[in-house]
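Analysis of the macromolecular model
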Amino acid sequence: MKKLALSLAFGFVLSCAPLLCKPDQALLLNHLEDRAPEKYTSQLLISYGVLKVPVKVEKDKDKYRVESTRFGGFSFDKKGLCLNGVCIDLPFSIDGIIFGKTLTGEEKPSCTSEGLVLSRDTDAYLVKHYFVDNQLAKVEVFDKKKDRLITLTYGQKVPEGYYRRVKVDWEDFTFTIDVEEVKF
């Protein structure tokens, strides 16, 4: 009876303890920000309930142009987004949403029973990348200054290298980004 109780206690401790692991190098390389295509045009559809907004994204090296017939257009670069004199430091670029290129190489690995977690802690954000079966499943971005969590849940990756659908949860606000087309 003591052996059974001891083995159950040991099993419980192991199941609750964080697992030590080493991430696959190919997985890391495949999701690095620097590995995103340098030039592309993408057609997105952002959906919130019945509201659907088509958006065009153009990238040329480190510059992005986002256009929508409903909201006009704006440009920004990898360093951040500046509109009307207000600049926002972004945790990752649009490449992170479309291609899952969210890693900088500064992330610390840990494992859970569900899969691999790569975390990066900056002054403004705590970013956690969740990988299940070597596929990007979810990214959590905790904005330290505003004390809010944004979660991106990734759908299936198509053979061309982009994610067809990304669900975004931002506090009580949930919308989806459907990538309809990417031209290289």
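Going by the structure above, here's the rest.
Residues numbered from 1 in each chain as written. Predicted model: local features only at pLDDT ≥ 70, side-chain atom pairs only at ≥ 80, totals over all residues. Heavy atoms only, no water.

1. With respect to the overall build of the protein chain
Selection criterion: In DSSP terms, a helix is any run of H or I states spanning at least four residues, a strand is any run of E spanning at least two, and both are numbered starting from the N terminus. Accessible area is worked out with a 1.4 Å probe on protein chains only. A residue is then buried under 20% of its type maximum, exposed over 50%, and partly exposed in between. Any two residues having at least one pair of non-hydrogen atoms within 4.5 Å are treated as being in contact. Each accessible area is a Shrake-Rupley estimate made with a 1.4 Å probe; only the visible protein chains count as cover when residues are assessed.
Assigned secondary structure in the protein chain consists of three helices and 13 strands. The buried share of the protein chain, taken over its 184 residues, is 36%. Residue pairs at least 24 apart in sequence account for 37% of intrachain contacts in the protein chain once pairs closer than 6 positions are excluded. For the protein chain, the accessible surface area stands at approximately 11,800 Å², while carbon and sulfur atoms represent 57% of it.

2. Section: the pairing of strand E13 (residues 173–183)
Heads up, the condition is: One requirement defines pairing of two strands: DSSP has to find at least two bridges between them.
Examined bridge by bridge, strand E1 (residues 39–48) and E13 share seven bridges and lie antiparallel to one another. Across the sheet, the residue bridging to Thr41 is Lys183, located in E13. Strand direction decides the pairing type here: strand E12 (residues 165–170) and E13, joined by six bridges, are antiparallel. Bridging from a neighbouring strand, Trp170 pairs with Phe173 of E13. Between E12 and the antiparallel strand that follows it, E13, lie two residues; Glu171 among them carries a positive phi value of about 55°.

3. Considerations on the nonpolar core
Put simply, the rule reads: To define a nonpolar core, start from buried Ala, Val, Leu, Ile, Met, Phe, Trp, Tyr and Cys residues and group those joined through side-chain atoms within 4.5 Å.
Counting residues in hydrophobic clusters, the biggest one holds 38 residues, and the most contacted among them are Tyr40, Ile94 and Ile98. The residues contacting Ile94, other than those within four sequence positions of it, are Tyr40, Val57, Tyr64, Val66 and Phe76.

4. Concerning unusual backbone geometry
One non-glycine residue with positive phi stands out, namely Asp147, at about 50°. Relative to the helices and strands, Asp147 is located in the loop between strand E10 (135–143) and strand E11 (148–154). Since its relative accessible area comes to 57%, Asp147 is described here as exposed. Within the chain, Glu171 stands out as a residue other than glycine whose phi angle is a positive 55°. With respect to the element layout, Glu171 can be found in the loop between E12 and E13.

5. Focus: a negative patch on the surface
Basically, it comes down to this: Exposure above 30% relative accessible area and the absence of a salt bridge qualify a residue for a patch, where like charges join within 9 Å and nonpolar side chains (Val, Leu, Ile, Met, Phe, Trp, Tyr) within 5 Å. Salt bridges, as used here, are contacts in which a Lys or Arg side-chain nitrogen is within 4 Å of a carboxyl oxygen on Asp or Glu. Think of it this way: Lys and Arg go in the positive column, Asp and Glu in the negative one, and His and the chain ends go nowhere. Charge positions are represented by NZ for Lys, CZ for Arg, CG for Asp and CD for Glu.
On the surface, Asp34, Glu38, Asp60 and Asp62 cluster together to form a negatively charged patch. Position of Asp60 among the secondary structure elements: in strand E2 (residues 51–60).

6. Structural notes on the environment of Val57
With respect to the helices and strands, the residue Val57 is situated in strand E2. Through-space distance from the C-alpha of Val57 to that of Gln43 is 6.5 Å; in sequence the pair is 14 residues apart. Those residues in contact with Val57, other than ones at most four positions away along the chain, are Tyr40, Thr41, Ser42, Leu44, Arg65, Val66 and Ile94.

7. Observations regarding the pattern of salt bridges
One pass over the structure, following the stated rule, counts eight salt bridges. A salt bridge links Lys56 to Glu58; the nearest nitrogen and oxygen atoms lie 3.4 Å apart. Judged by relative accessible area, which is 30%, Glu58 ranks as partly exposed. Salt-bridge contacts for Asp178 lead to Arg165; the nearest nitrogen and oxygen are separated by 2.6 Å. Of this pair, Asp178 sits in strand E13 while Arg165 sits in strand E12, and the two are 13 residues apart along the sequence. Exposure remark for Asp178: the relative accessible area of 14% places this residue in the buried category. By relative accessible area, which is 43% here, Arg165 ends up partly exposed.

8. Remarks on the layout of surface pockets
The gaps of empty space that remain are located by a probe, the size of a water molecule, rolled over the atoms. The condition is simple: Only protein atoms enter the 1 Å grid, on which a cavity is a set of points fitting a 1.4 Å probe that cannot get out and a pocket is an open set with protein on both sides within 12 Å along at least 5 of 7 lines, lining residues being those with an atom within 4 Å of a point. Grid points are joined across faces, edges and corners, and a volume is the space filled by probe spheres set on the points. Each residue gets one label: Ala, Val, Leu, Ile, Met, Phe, Trp, Tyr, Cys and Pro are nonpolar, Asp, Glu, Lys and Arg are charged, and the others, such as Gly, are polar.
Counted as a void, the largest pocket has a volume near 1,400 Å³. Leu81, Leu90, Ile97, Trp170 and Phe175 are, among the 40 residues lining the largest pocket, the residues nearest its centre. Looking at the lining of the largest pocket, its residues break down into 30 nonpolar, four polar and six charged. Size it by volume and the second largest pocket reaches roughly 300 Å³. Around the second largest pocket, the lining is made up of 14 residues, and of these Glu33, Lys78, Asp89, Leu90 and Pro91 lie nearest the centre.

The values are spatial; any link to function lies outside them.
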